[in-house]
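Residues per chain, in single letters:
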Amino acid sequence: SSLDMGFTKFLVKCLEAYYPEVLGQALFVDAPWVFWGFWKLLTTLMDPVVAAKIKFIKRDELKMFIDEDQ
């Protein structure tokens, strides 16, 4: 109920318009379950290419994306 949809849409559009290739990949590790509802809503506003760069993973999957020595 405290989500400002107008601002959220504005932010997504700005990021897509001004920084389309800056994001290589974003990883959300052990995101809380409440975030999934927000994510489903947000992906409807996003470019599919940008949305595909965002991954939700469990902690034990982190080594698939980042070397263990890092």
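Residues numbered from 1 in each chain as written. Predicted model: local features only at pLDDT ≥ 70, side-chain atom pairs only at ≥ 80, totals over all residues. Heavy atoms only, no water.

## With respect to the overall build of the protein
Here's step 1: Counting secondary structure elements, the protein contains 3 helices and 2 strands.
Here's step 2: For 70 residues, the compact-globule estimate of 2.2 N^0.38 gives 11 Å, and the protein exceeds it by more than 25% at 14 Å.
Here's step 3: Judged by the C-alpha coordinates and their principal axes, the protein covers about 40 × 30 × 15 Å.
Here's step 4: For the protein, the proportion of its 70 residues judged to be buried stands at 20%.
Here's step 5: When contacts within the protein are restricted to residue pairs at least 6 apart in sequence, long-range pairs at least 24 apart make up 81% of them.
Here's step 6: The positive charge centre, built from 8 side chains, and the negative charge centre, built from 10, are 7 Å apart in the protein. (Helix = DSSP H or I, 4+ residues; strand = E, 2+ residues; numbered from the N terminus. Rg over C-alpha atoms; globule rule 2.2 N^0.38 Å. Buried < 20%, exposed > 50% of the residue type's maximum accessible area, 1.4 Å probe, protein only. Contact = heavy atoms within 4.5 Å. Lys, Arg positive; Asp, Glu negative; His and termini not counted. Charge placed at Lys NZ, Arg CZ, Asp CG, Glu CD.)

## Observations concerning the pattern of salt bridges
Here's step 1: In the structure shown here, the tally under the stated rule is 1 salt bridge.
Here's step 2: Across the pair aspartate 30 and arginine 59 runs a salt bridge, and its minimum N-O distance is 3.5 Å. Of this pair, aspartate 30 sits in the loop between β1 (26–29) and α2 (34–43) while arginine 59 sits in the segment after β2 (54–57), and the two are 29 residues apart along the sequence.
Here's step 3: According to the relative accessible area criterion, aspartate 30 is partly exposed, its value standing at 39%. (Salt bridge = Lys/Arg side-chain N within 4 Å of Asp/Glu carboxyl O.)

## As for the confidence of the model for the protein
Here's step 1: A residue-level look at the protein finds 94% of positions with pLDDT of 70 or above and a mean pLDDT of 81.
Here's step 2: The secondary structure element of the protein with the lowest average pLDDT is helix α1 (residues 5–18), at 78, and the one with the highest is β2, at 86. (pLDDT = per-residue confidence, 0-100.)

## Description of the packing of aromatic side chains
Here's step 1: Applying the stated criterion across every chain, the model contains 2 aromatic pairs.
Here's step 2: A centroid spacing of 5.1 Å and a plane angle of 20 degrees characterise the contact between phenylalanine 28 and phenylalanine 56, whose relative ring orientation is stacked. Pair noted here: phenylalanine 28 is in strand β1 and phenylalanine 56 is in strand β2, with a separation of 28 residues, a long-range link.
Here's step 3: Taken together through their ring pairs, the aromatic side chains of Phe28, Trp39 and Phe56 make up a single cluster. (Phe/Tyr/Trp six-rings, centres within 6.5 Å; stacked < 30°, edge-to-face > 60°.)

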